[in-house]
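# Fold and geometry: a report
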2 protein chains.
Amino acid sequence: MGKMVTIYDIAREAGVSPATVSRMLTGNAKVSEEKRKRITELIRAYDYKPNALAKGLRETKSRVIGMILVDFVNPFYATLLSSCEKEARKRGYSLIVTSTLGDRELEDAYLDTMCQQRVATIVMVGGRSDELAPDEGYVGHVKRIAESVPVVTNGYLGGAEGCRVRLDEEKAAELAVEYLRDLGHREIAFIGGKGEIRSTVEKRLKYAQLLMQNGLPTRKEWIVDGPGYDDKSGYEAMRKLLALPCRPTAVIAVNDFTAAGAAHAIWEEGLGIPEDFSLVSFDDTYVSNLCRPRLTSVSYDLEEFASRLIGSAVDIAHGRKIEQNQVVEPKLVVRDSCKQYGGG
Amino acid sequence: MGKMVTIYDIAREAGVSPATVSRMLTGNAKVSEEKRKRITELIRAYDYKPNALAKGLRETKSRVIGMILVDFVNPFYATLLSSCEKEARKRGYSLIVTSTLGDRELEDAYLDTMCQQRVATIVMVGGRSDELAPDEGYVGHVKRIAESVPVVTNGYLGGAEGCRVRLDEEKAAELAVEYLRDLGHREIAFIGGKGEIRSTVEKRLKYAQLLMQNGLPTRKEWIVDGPGYDDKSGYEAMRKLLALPCRPTAVIAVNDFTAAGAAHAIWEEGLGIPEDFSLVSFDDTYVSNLCRPRLTSVSYDLEEFASRLIGSAVDIAHGRKIEQNQVVEPKLVVRDSCKQYGGG
DNA sequence: AAGCGATATGAAATCGATTTCAAAAAAATA
DNA sequence: TATTTTTTTGAAATCGATTTCATATCGCTT
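This one's a predicted model, so the numbers in the text were calculated from it and none came from an experiment. (Residues numbered from 1 in each chain as written. Chains lettered and ligands numbered in written order. Predicted model: local features only at pLDDT ≥ 70, side-chain atom pairs only at ≥ 80, totals over all residues. Heavy atoms only, no water.)

## A short note on the packing of aromatic side chains
Considering all chains together, one arrives at 6 aromatic pairs over all chains under this definition. With centroids separated by 5.2 Å and ring planes inclined at 90°, the aromatic side chains of A:Phe76 and A:Tyr77 adopt a geometry described as edge-to-face. By relative accessible area, A:Phe76 is classed as buried at 7%. The class for A:Tyr77 is buried, based on a relative accessible area of 14%. Across the ring face of A:Phe282, the terminal group of A:Lys203 is positioned such that the distance to the ring centre comes to 4.6 Å. Against the face of B:Trp222 rests B:Arg219, its NZ or CZ located 5.4 Å from the ring centre. (Phe/Tyr/Trp six-rings, centres within 6.5 Å; stacked < 30°, edge-to-face > 60°. Buried < 20%, exposed > 50% of the residue type's maximum accessible area, 1.4 Å probe, protein only. Lys NZ or Arg CZ within 6 Å of the ring centre and 35° of its normal.)

Shown next as structure tokens:
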């Protein structure tokens, strides 16, 4: 690769000092109109590209945000990533990304890598910080990292420098349960996923609590956790529900994939949605539009989520004051997978 | 943020020169066992994290690969991204990513940004380089960029330094057409998407050519381009096919989303898959498993694609010789969306 | 014990941009 | 016009790691 042209080359050609060129580029000080013109011209002519590494070194941090997600393929995260990238770009930042697929060691390793990369901020969504009870080791690790790089997460921050932007999972559960209740359903099941992920646990707990508060029947068998978070997991969970002597009339599934899987199990049984079962999912990804009938789903505004995550990340990097605790509220998107119980 | 500890700090504490610490870290030269121990100990104790910016500056390039994709949300690219990230990590590289959503200016801007970031290589999949006839301006831009940073792409490289890893779209079309032909179908339609995207054009051309070669009827109305690449686009395209006086018996859709949309149009008409229409899609994302019936789809091994893209990117960065032109072959994944024509 | 090559080490230059500090030039004031 | 104030500018230090080159240290040979 040909040597790249540097600020020195430009300065020499323009007959000024590198400092002057730098000042022009950053706008940190005035430069006489005459030199300004000459320099601008040369920059164009030589196709000069400022070296971000040198700049980052000098300023002890880069204009890059490190983003750690559980999974790029899941459309919820894919959409979030897409929005985050747009937000970052808008603010003049780039995104270094990694997906951990739940691998703890990897998460640790990548926190480290990003630290070495001297990213301005680390944004972490899902993963260990999002478990119900992150272990001691993890908390310490994040804390240690956060001594060098601020962290923005939707999960547990543990007093580290940074901020938290969480999704209101309880409100989400409430929207689902109350919608079904208002439709006249009394027998409502809940399909969860693997592990004690905070988002799942919070929904499940709220679901159970709301059934009680509303005087609806609660049954242990109506809370089923599949082996994962994909359609197969939902399928298996629904099969268990279908095998029950006392079937529910409505099902809440922890995400669109599990809901789609549940739908397949229902069809396989020769039953229909919403005729025989009403179905509500969470996340409102494009999958809920791809299913027939289209799934009624609880939706988070991912643009808002992204804007808060990246906005906070950038604000922290620039030493601005930010809200330590932010919450994104869900809303219900009604489609075709539910109907009035007993009614038309 | 607290100052980070540097190689100087470690050196001072260990009573050696920074050079020695560096040599130990990089392994570029021998260091006596005694100092080695002392240094290792201190690095642990101080939680020293080498500054990748400084390293990159010194070595005039970073261990980061810049990745430009059209769209993170599309599961084809999401999966590719996921695989690429894994491949990069395996080789000690990080990924800076951006999605252009087809915006040309953005693509140009981001080529620039990554250049400034001094990424080791730029990997570009989809987007302008992947158009059938990239315009002069674009070709020049890539060429100029490629003078500073090598480029790996699935599309047009235009003699720039780098390499090309393409998907064999023609073979993919062949697998689809021949499969349907072997099932006895003679009336086969093709649903494309918006614009003259190379991948689409190549498939469509091959499809048309194969119909001729096989003596199957060809009709202009059987080639329909939707307004995009999503399910709605496929839906609209299929409605046009359904409105035809002479309907085809099989449909090839340019990706899983358009296929899913086409399926909905078919159901809406009260018809069934595969009873009334056989349906083959491309890409074989999880969407083809999410549909009922599951879609028969032409699949690319994205792990191989990713491995070739990132492998080449890293090899080029290290000045190793690489194959200038690589091809990834597709295979057909048979599921439940096709059946013998006329037969059982 | 003197001389030789092989190793381990340190001092200093380097990568490219920013910034401090001081000097020079320009503008404003007396 | 002389003097002060303000604005532009350049020289040099800095960010943190790597590497070249020279020197010190060691073991080995004769």
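Having seen the model, we can carry on.
## Brief notes about the nonpolar core
Formed by 154 residues in total, the largest nonpolar core has its most connected members in A:Leu80, A:Met238, B:Leu80 and B:Met238. Among all residues touching A:Leu80, those that are not within four sequence positions of it are A:Leu69, A:Val125, A:Leu302, A:Phe305, A:Ala306 and A:Leu309. Core analysis: the next-biggest nonpolar cluster, separate from the first, contains 38 residues, A:Tyr110, B:Val119, B:Met124 and B:Val139 among them. (Core = buried A, V, L, I, M, F, W, Y, C linked by side-chain atoms within 4.5 Å. Contact = heavy atoms within 4.5 Å.)

## Notes on the sheet that holds strand β6 (residues 188-192) of chain B
Residues and elements named next belong to chain B. Sheet architecture is open: 6 strands sit in the order β7-β6-β8-β9-β10-β12, paired in mixed fashion. Each edge of the sheet is formed by a strand with only one pairing partner; in this case those strands are β7 (223-225) and β12 (330-333). Within the sheet, the average angular offset between the axes of one strand and its neighbour, ignoring direction, is 20°. Note: strand β8 (residues 250-253) against strand β9 (residues 278-282), 4 bridges, orientation parallel. For Ile252, the partnering residue across the bridge sits in β9 and is Val280. Along the sheet, helix α10 (residues 231-242) contacts β6, β7 and β8; its crossing angle with β6, the most-contacted strand, is approximately 150°. (Pairing = 2+ DSSP bridges. Helix = DSSP H or I, 4+ residues; strand = E, 2+ residues; numbered from the N terminus. Axes fitted to C-alpha atoms, helices over the stretch in contact; angles between N-to-C directions.)

## Observations regarding the protein's contact with DNA strand D
The environment of DNA strand D is formed by 27 residues, the closest being A:Thr20, A:Arg23, B:Ile7, B:Tyr48 and B:Arg58. Per the 4 Å cut-off to the protein, sugar and phosphate atoms form 59% of the nearby atoms of DNA strand D. Contacts to DNA strand D include B:Ala54, whose backbone N or O atom sits 3.3 Å from a base nitrogen. Elements with a minimum of two residues in the surface near DNA strand D: α2 (18-26) and α4 (52-59) of chain A together with α1 (7-14), α2 (18-26) and α4 (52-59) of chain B. (Near = heavy atom within 4 Å. Polar contact = N/O pair within 3.5 Å; in protein donor to acceptor, adjacent residues only side chain to side chain.)

## Some details on the interface of chain A and chain B
In this assembly, 57 residues from chain A lie in contact with 57 residues from chain B. Both sides of the chain A and chain B interface together cover about 5200 Å² of buried area, and 63% of this is carbon and sulfur. At the junction of chain A with chain B, the criterion picks out 4 salt bridges. For B:Arg144, the salt bridge is made with A:Asp47, and the minimal N-O distance between the two is 3.8 Å. Remark: the boundary between chain A and chain B carries 21 residue pairs in polar contact (both at pLDDT 80 or more). (Buried area = accessible area lost by both parts, 1.4 Å probe. Salt bridge = Lys/Arg side-chain N within 4 Å of Asp/Glu carboxyl O.)

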